[in-house]
Amino acid sequence: MARSAIINVMVQAAMKAGRSLARDFGEVQNLQVSLKGPGDYVSQADRKAEEIIYTELKRARPGYSFLMEERGVVEGEDAQHRWIVDPLDGTTNFLHGIPIFAVSIGLERQGQLVAGVIYNPAMDELYTAERGGGAFLNDRRLRVAARSRLYDCVIGTGIPHLGRGDHGRALIDLRNVMGETAGIRRMGAAALDLAYVAAGRIDGFWEDALSPWDMAAGLLMIREAGGFATDRTGGQNIFDSGTVVAGNEAIHKALLAALKKPATGR
Ligand code: IPD
Ligand code: CA
Ligand code: CA
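About the criteria used
Residues numbered from 1 in each chain as written. Chains lettered and ligands numbered in written order. Predicted model: local features only at pLDDT ≥ 70, side-chain atom pairs only at ≥ 80, totals over all residues. Heavy atoms only, no water. Donors = N, O, S within 2.8 Å, 3.2 Å for Na, K, Ca; no water. Buried < 20%, exposed > 50% of the residue type's maximum accessible area, 1.4 Å probe, protein only. Pairing = 2+ DSSP bridges. Helix = DSSP H or I, 4+ residues; strand = E, 2+ residues; numbered from the N terminus. Axes fitted to C-alpha atoms, helices over the stretch in contact; angles between N-to-C directions. Parallel < 35°, antiparallel > 145°, perpendicular 65-115°, else oblique. Left-handed = near helix turned anticlockwise from the far one by under 90°. Contact = heavy atoms within 4.5 Å. Nonpolar A, V, L, I, M, F, W, Y, C, P; charged D, E, K, R; others polar. Lys, Arg positive; Asp, Glu negative; His and termini not counted. Salt bridge = Lys/Arg side-chain N within 4 Å of Asp/Glu carboxyl O. Polar contact = N/O pair within 3.5 Å; in protein donor to acceptor, adjacent residues only side chain to side chain.

Colleague: Whenever I open this one, the coordination of the calcium ion (ligand 2) confuses me. Can you help?
Modeller: When a metal carries six donors in an octahedron, the ideal angles between them are 90 or 180 degrees, while four donors in a tetrahedron ideally lie at 109.5 degrees. On the protein side, the calcium ion (ligand 2) has Asp86 (OD), Asp89 (OD) and Asp214 (OD) as donor atoms, found 2.1 to 2.3 Å from it. In primary-sequence terms, the residues that donate to the calcium ion (ligand 2) follow D-x2-D-x124-D. On the basis of relative accessible area, Asp89 is assigned to the buried category, the value being 6%.

Structure (structure tokens):
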């Protein structure tokens, strides 16, 4: 499969950071048995991965701007282009030795997502998408799942935890959606959840309180795989609202409806 120059740049950065994360992940697995756990080690692994991505992208496209989870905003001379980077999505999984984590790099041109790369080094799965060029898992072209009834579907979500998010809202949503589906999954890495929707592994996904770096690459992947992704009102205010609802046309619509339902007693 021939990749464009910009996707090659992103793939190189993501895979280099991914290799660094994979080495650190091996060490994290050893540290599980220590009482203190691998917390500090993981923060270092995260920052190291971000540094690698920053260096690689900056070298390839010196003027572009950045929005990175750890480093924050870096204004470049070229304000038209912005990299949106999560060096390690799925930190809690990584910390606990669960091999579901990824590097996520999105690229915006004039505020529009034009390229995305997500790499899970533990499974050596590389997801790429370019606006108008389709989405791929390694060399395989992706298409969202075709199921049209929620009760046949496996739906992904994110569940807030200690100190994060609206727990009451999350419980209402979960109750409303779980009663209508074949199963709910909480994978623990939003970038991969979105990639899994693009790959048809899960039929849909919703989550609140996400950040642009969790979603940028994955949103493009879903659209390029023929899917729909909006905020929870059905609009495109995804980054500002931090909410996302995704799936094929029918499942996206059904999920939006389920998420609008009031709390039920059963
Ligand atoms: C988190 C993961 C998780 C989601 C959280 C995110 P991080 O990102 O994507 O699945 O539920 O809201 O913050 O902290 O591992 O980069
Ligand atoms: Ca993240
Ligand atoms: Ca992160």
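Colleague: Quick question: what am I supposed to make of the sheet that holds strand S9 (residues 154–157) here?
Modeller: Strand order across the open sheet formed by five strands is S10-S9-S11-S13-S12, with mixed pairing between neighbours. The open sheet has two edge strands, strand S10 (183–185) and strand S12 (228–230), and neither has a second partner. Averaged over neighbouring strand pairs, the angle between their axes works out to 15 degrees when direction is ignored. In the sheet, S12 pairs with strand S13 (residues 244–247) via three bridges, with the strands oriented antiparallel. The residue of S13 that forms the bridge with Thr230 is Val245.

Colleague: Please explain the coordination of the calcium ion (ligand 3) as it appears in this structure.
Modeller: Taken together, the protein donors to the calcium ion (ligand 3) comprise Glu69 (OE), Asp86 (OD) and Leu88 (O), at separations of 2.2 to 2.4 Å. Each donor residue of the calcium ion (ligand 3) lies on one chain, and together they are spaced E-x16-D-x1-L. Separating the calcium ion (ligand 3) from the calcium ion (ligand 2) is a gap of 3.8 Å, which Asp86 spans by donating to each of them. In this pair, Glu69 sits in the loop between strand S1 (64–68) and strand S2 (72–74) while Asp86 sits in strand S3 (residues 78–89), placing the two residues 17 residues apart along the sequence. According to the relative accessible area criterion, Glu69 is partly exposed, its value standing at 31%. Under the relative-accessibility criterion, Asp86 is labelled buried at 1%.

Colleague: Explanation requested: the pairing of strand S5 (residues 112–120) in the structure shown.
Modeller: Where a strand is regular, its side chains alternate between the two sheet faces. Within S5, eight of the nine residues are buried, which leaves it mostly tucked inside the rest of the structure. One ladder, built from seven bridges, connects strand S4 (residues 102–109) with S5; its direction is antiparallel. Its bridge partner lying in S5, Val103 is registered against Tyr119. The turn linking S4 back onto S5 is made up of two residues, and Gln110 within it adopts a positive phi angle of 50 degrees. Two strands pair when backbone bridges link them, and S5 and strand S6 (residues 125–130) are joined in this way by six bridges, in the antiparallel orientation. Following the sheet pairing, Tyr119 is matched in S6 by Leu126. From the end of S5 to the start of S6, which pair antiparallel, there are four residues, and Asp124 there has a positive phi angle of about 50 degrees.

Colleague: Would you mind going over the packing of helix H1 (residues 5–31) against helix H2 (residues 39–60) with me for this structure?
Modeller: A packed helix pair is summarised by two numbers, namely the angle formed by the two axes and the spacing between the axes. Where H1 contacts H2, the axes come no closer than 9 Å and their chain directions differ by 165 degrees. Accordingly, the angle class assigned to the pair H1 and H2 is roughly antiparallel. Note on packing geometry: the crossing formed by H1 with H2 is right-handed. Contacts between H1 and H2 involve Val9, Met10, Gln12, Ala13, Lys16, Ala17, Ser20, Leu21, Asp24, Glu27, Val28 and Leu31 on the former and, on the latter, Tyr41, Val42, Ala45, Lys48, Ala49, Ile52, Ile53, Glu56, Leu57, Arg59 and Ala60. Partitioning the contact of H1 with H2 into residue classes produces 15 nonpolar, two polar and six charged.

Colleague: Even after reading the chapter, I still don't get the side chain of Asp214, so can you show me in this structure?
Modeller: Turning to its location among the elements, Asp214 is positioned in helix H6 (residues 212–224). Nearest to the buried, unbridged Asp214 among oppositely charged side chains is Arg164, at 5.9 Å. Within the local environment of Asp214, its side chain forms a polar contact with the backbone nitrogen of Ser211, the two atoms lying 2.8 Å apart.

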